[in-house]
Amino acid sequence: MRHTTFVAVGLALMAGALAGCSREDTAQAPASEPAAQEGVTASVAVGETGAVAGLAWAVPTTWERADDRPMRVATYRTPPADGDSEGGEVAVFHFGPTQGGTVEANVERWFAQFDPADGQSTRDAARRENLEIAGLAVTRVETRGTYNAAAGPMAPRADMRPGYALIGAIVEGPEGAVFFKFTGPEATVEAQADAFHTLLESLQPR
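Here's a quick rundown of the structure. Every value quoted in this text rests on a predicted model; they were computed, and no experiment measured them.

**Focus: the nonpolar core**
Turning to step 1, where the next piece is worked out: Within the largest apolar cluster, 30 residues are counted, with the highest numbers of intra-cluster contacts made by Trp57, Trp63, Tyr76, Val92, Phe180, Phe196 and Leu203.
Turning to step 2, where the next piece is worked out: At the level of elements, β3 (55–60), β5 (74–78), β6 (88–94), β8 (127–133), β9 (136–148), β10 (160–173), β11 (176–185) and α5 (193–201) are the ones that each hand at least two residues to this core.
Turning to step 3, where the next piece is worked out: At five residues, α5 tops the list of elements feeding residues into this core.
Turning to step 4, where the next piece is worked out: What Val92 contacts, discounting residues up to four positions off in sequence, is Trp57, Arg72, Val73, Ala74, Tyr76, Val178, Phe179 and Phe180.
Turning to step 5, where the next piece is worked out: In terms of nonpolar packing, the next biggest core, distinct from the first, is built from 16 residues, Ala91, Val141, Tyr147 and Phe179 among them.

**Let's talk about the pattern of salt bridges**
Turning to step 1, where the next piece is worked out: For the structure shown, the criterion picks out 11 salt bridges.
Turning to step 2, where the next piece is worked out: Put simply, Asp68 and Arg65 hold a salt bridge, and the shortest N to O gap is 3.3 Å.
Turning to step 3, where the next piece is worked out: Classification of Asp68 as exposed rests on a relative accessible area of 51%.
Turning to step 4, where the next piece is worked out: Residue class for Arg65 comes out partly exposed when judged on its relative accessible area of 30%.

**A closer look at the environment of Ala169**
Turning to step 1, where the next piece is worked out: Examined against the element boundaries, Ala169 turns out to sit in strand β10.
Turning to step 2, where the next piece is worked out: Residues Ala169 and Glu142, 27 residues apart in the sequence, show an inter-C-alpha distance of 9.0 Å.
Turning to step 3, where the next piece is worked out: Not counting residues within four places of it along the chain, the set of residues in contact with Ala169 comprises Trp110, Val138, Thr139, Arg140, Val178, Phe179, Phe180, Phe196 and Leu200.

**What about the sheet that holds β3?**
Turning to step 1, where the next piece is worked out: Spatial strand order, β2-β3-β12: three strands in an open sheet with antiparallel pairing. Each edge of the open sheet carries a strand with a single partner, namely β2 (46–52) and β12 (204–205).
Turning to step 2, where the next piece is worked out: Bridge analysis of β3 against β12 gives two bridges, and the strand direction is antiparallel. Looking across to β12, one finds that Ala56 is bridged to Gln204.

**Focus: the pairing of β5**
Turning to step 1, where the next piece is worked out: The buried fraction of β5 is high, at four of five residues.
Turning to step 2, where the next piece is worked out: As paired strands, β5 and β6 are joined by five bridges and run antiparallel to one another. Opposite Ala74, over in β6, you have Val92 as the bridge partner.

**Quick word on the environment of Phe182**
Turning to step 1, where the next piece is worked out: Along the chain, the position of Phe182 falls in strand β11.
Turning to step 2, where the next piece is worked out: Along the primary structure Phe182 and Ala165 are separated by 17 residues, whereas in three dimensions their C-alpha atoms are 8.2 Å apart.
Turning to step 3, where the next piece is worked out: Setting aside anything within four residues of it in sequence, one finds Phe182 in contact with Thr78, Gly88, Glu89, Val90, Ala165, Leu166, Ile167, Thr188, Val189, Gln192 and Phe196.

Conventions we followed
- Residues numbered from 1 in each chain as written.
- Predicted model: local features only at pLDDT ≥ 70, side-chain atom pairs only at ≥ 80, totals over all residues.
- Heavy atoms only, no water.
- Core = buried A, V, L, I, M, F, W, Y, C linked by side-chain atoms within 4.5 Å.
- Buried < 20%, exposed > 50% of the residue type's maximum accessible area, 1.4 Å probe, protein only.
- Helix = DSSP H or I, 4+ residues; strand = E, 2+ residues; numbered from the N terminus.
- Contact = heavy atoms within 4.5 Å.
- Salt bridge = Lys/Arg side-chain N within 4 Å of Asp/Glu carboxyl O.
- Pairing = 2+ DSSP bridges.

Function cannot be read off these values alone, since they describe shape.
Written out as structure tokens, the structure reads:
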């Protein structure tokens, strides 16, 4: 079950570099297995499972597994919403038991990648909640605006994408933090929010 407390956050924009890398491929499981897990949103079908660092999750069937990329456990593509020319991307990271920076540093880094729209401040555009799922501490965040999609925490402002949104989650797993970062056009992220929450609710230590 999700226990939700929304807190408006004001964050100093910082760009903390992530260090180290540890990777484990996702595993296949029978389509019926993840759906049977307690707490999974019934309206979103799941099939494939993912796993890394003592943590497992279920993947919505409408998402497609993308090719492997450096420093990522997995990348999933979501379908676009009506009117959007491109879908969303869910990137999963794990950097080792003591690598990747603190939860606070990563939350701030994600928010710093967005320029809020309509003159809003980061405090106005960003939301944060603390959850407990299957005994795991989860920090979930949202923001929207113009997204700097250039690779790397210190990347130049070279790939700016207006009208984008982020839903992110940092899971404090048995073998270190696992990061789930969902970005895409606002309408697409909104349309796939239930699917992302289904993934989070399926989280289990293994």
